[in-house]
Amino acid sequence: MRQPYLLLDIDGVLIPFPDDDGTTPATHVRHDVVPIGRRADDSVAVWLNPDHGRLLIDVFRTGLLSPIWCTSWRWDATTLIGPLLGLPVLPYVDLPRPQITTSHPNGYLWKRDYVDTWLGDAPAIWIDDDFTGLDHAWAAERTDRGMATLLIQPDPQVGLQVEHLAQAAVWVDRLSRVGTGTPGAAPGVEAA
Ligand SMILES: [Mg+2]
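Reading guide: rules and limits
Residues numbered from 1 in each chain as written. Predicted model: local features only at pLDDT ≥ 70, side-chain atom pairs only at ≥ 80, totals over all residues. Buried ≥ 20, exposed ≤ 12 C-beta atoms within 10 Å, placed from the backbone. Helix = DSSP H or I, 4+ residues; strand = E, 2+ residues; numbered from the N terminus. Pairing = 2+ DSSP bridges. Axes fitted to C-alpha atoms, helices over the stretch in contact; angles between N-to-C directions. Expected span 1.5 Å × (residues − 1). Arc of directions from axis to C-beta. Contact = placed C-beta atoms within 7 Å. Core = buried A, V, L, I, M, F, W, Y, C linked by C-beta atoms within 7 Å.

To continue, consider the pairing of strand β2 (residues 29–33). The buried fraction of β2 is low, at 0 of 5 residues. Both β2 and strand β3 (residues 44–48) contribute to a ladder of 5 bridges, which runs antiparallel. Residue pairing across strands places Arg30 opposite Trp47, the latter belonging to β3.

With that settled, consider the sheet that holds strand β1 (residues 5–8). With parallel pairing, 4 strands are arranged side by side in an open sheet as β4-β1-β5-β6. At either margin of the open sheet sits one strand with a lone partner, and together these are β4 (66–69) and β6 (149–152). Between one strand axis and the next, the sheet turns through 15° on average, direction left out of account.

Over its 12 residues, helix α4 (residues 133–144) extends 16 Å from the first C-alpha to the last, a length consistent with the 16 Å expected when each residue adds 1.5 Å. All of the buried residues along α4 are Asp135, Trp138, Ala139 and Arg142. Taken end-on, α4 shows its buried residues confined to a sector of 100°, consistent with a single buried face. The exposed set on the far side of α4, more than 90 degrees from its buried face, consists of Gly133, Glu141 and Asp144. Contacts from the buried residues of α4 go to α3 (112–119) and β6. Downstream of α4 by a residue or two, Gly146 has a phi angle that is positive, lying close to 90°.

Right, let's talk about the nonpolar core for a bit. The biggest cluster of nonpolar side chains holds 35 residues, and the ones touching the most others in it are Leu7, Ile125 and Ile127. Where this core is concerned, the elements lending two or more residues are β1, β3, α2 (75–84), β5 (124–127), α4, β6 and α5 (162–178). Among residues more than four places away in sequence, those in contact with Ile125 are Pro4, Leu6, Leu65, Leu150, Ile152, Ala168, Trp171 and Val172.

Right under this line is the structure:
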């Protein structure tokens, strides 16, 4: 079996969006970072949960997944965000920079066509806060064709939770046991 990828988003997953009253989860700590292309005095405030680094590394250490950033932070994910969580340097999907005003210009996540091509026939877990029903249908259809695909969709104002990574670990463990690309009674193609 091909090793599944673990595609990781950042905004709405590792960096929760502020609540309606502007607050972020108390679990998260503010950092000021300077993404590529910005002046040193033009930093961006981000909120990260220090526990996420340890939790993600626990998943990485199973050796059952190939983690990769899939985020509009692109290279900055590896150089700015990952190190703040103590994560090793991970590769990243070099997403394009489309001129769009919505993240679902065709009714589904703008990253998806690129990810679909990039994945080829590899199985994958994809954690992103911004899937639509069409993305979940895409994942189900991929799974039906033998390319096991699990979408995990955190609440963007809460972000990644322990149970999301537990779900990923159970899913990939089952997949590795079956080894056919379709994990039988999978713990859900369409995660909440
Ligand atoms: Mg996002």
